[in-house]
Amino acid sequence: MIGVIQRVSEASVRIDGEITGRIGPGLLVLVCAEQGDTEVQADKFLAKLLKLRIFSDAQGKMNHSVQDLDGQGTLGGLLLVSQFTLAANMQGGNRPSFTQAAAPADGRRLYDYLVLQARATHPQVQTGQFAADMQVALINDGPVTIPMRIAPAPSP
């Protein structure tokens, strides 16, 4: 599972001109399931995401997670947006190949699972819509942008 994590002051997703997801301070996460990914990768991805210490403490050091933005229990929002293009392979030519992305049915299943698990463990979760044409707006805070990949376990 691949993600691009952006620390934001605010972020939103629009579909057909209507806002379908919006957060204030927190994390905008673009996420892509790859071939071979399972719920195991989604669980590891979410666990890492929720504990990732990229919010500043009083000394300006990145020491707080989205579960505790200010060190005093303030929760940040999560905006989870599916984006299969994160699996792009640029090795040959100028047109990216997306063959490493999970098949659409698997991608949807894993995205839905990730969202369900996130909502069960974090009270402020918003989403885009799987396979929709979305417009994502954000104010990147910092800017802080971090790529993350949880690879499938190697086959025996």
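About the criteria used
Counting restarts for each chain, with residues numbered from 1 along the sequence as it is written. Per-residue local features of the predicted model are confined to residues with pLDDT of at least 70, and side-chain atom pairs are confined, for both listing and counting, to 80 or more; whole-chain, interface and lining totals are unaffected and use all residues. The basis for every side-chain value is the complete set of non-hydrogen atoms in the structure, without hydrogens or water. A run of DSSP states H or I qualifies as a helix once it reaches four residues; a run of E qualifies as a strand once it reaches two. Both are numbered from the N-terminal end. Should any heavy atoms of two residues lie within 4.5 Å, those residues are counted as being in contact. Axis angles are defined between N-to-C directions and span 0 to 180 degrees, where every axis is a line fitted to C-alpha atoms and, for a helix, only to the segment in contact. Under this scheme an angle from 65 to 115 degrees is roughly perpendicular, one under 35 degrees roughly parallel, and one over 145 degrees roughly antiparallel; angles in between are oblique. By the definition used in this description, the sense in which the near helix is turned from the far one sets the handedness, with an anticlockwise turn below a right angle giving left-handed and a clockwise turn giving right-handed. Three classes are used, and their members are as follows: Ala, Val, Leu, Ile, Met, Phe, Trp, Tyr, Cys and Pro are nonpolar, Asp, Glu, Lys and Arg are charged, and the others, Gly among them, are polar.

A. Representation of the environment of T127. In this structure, T127 sits in strand β7 (residues 125-127). In this structure T127 touches T20, G21, L79, L80, Y111, V115 and R119, once residues within four positions along its chain are discounted.

B. Region of interest: the environment of V125. If you trace the backbone, V125 turns up in strand β7. Residues V125 and G77, 48 residues apart in the sequence, show an inter-C-alpha distance of 6.0 Å. The contact partners of V125, leaving out residues within four places of it in the chain, are L78, L80, A118 and R119.

C. Region of the structure containing the packing of helix α1 (residues 39-51) against helix α2 (residues 104-121). Following both chains from N to C, one finds α1 and α2 inclined at 40 degrees, their axes separated by 10 Å at the closest point. In terms of orientation, α1 and α2 fall into the oblique class. In this structure, α1 meets α2 at a crossing whose hand is right-handed. Contact residues: α1 offers E39, A42, D43, F45, L46 and L50, while α2 offers R109, L110, Y113, L114, Q117, A118 and T121. A per-class count over the contact of α1 with α2 returns eight nonpolar, two polar and three charged.

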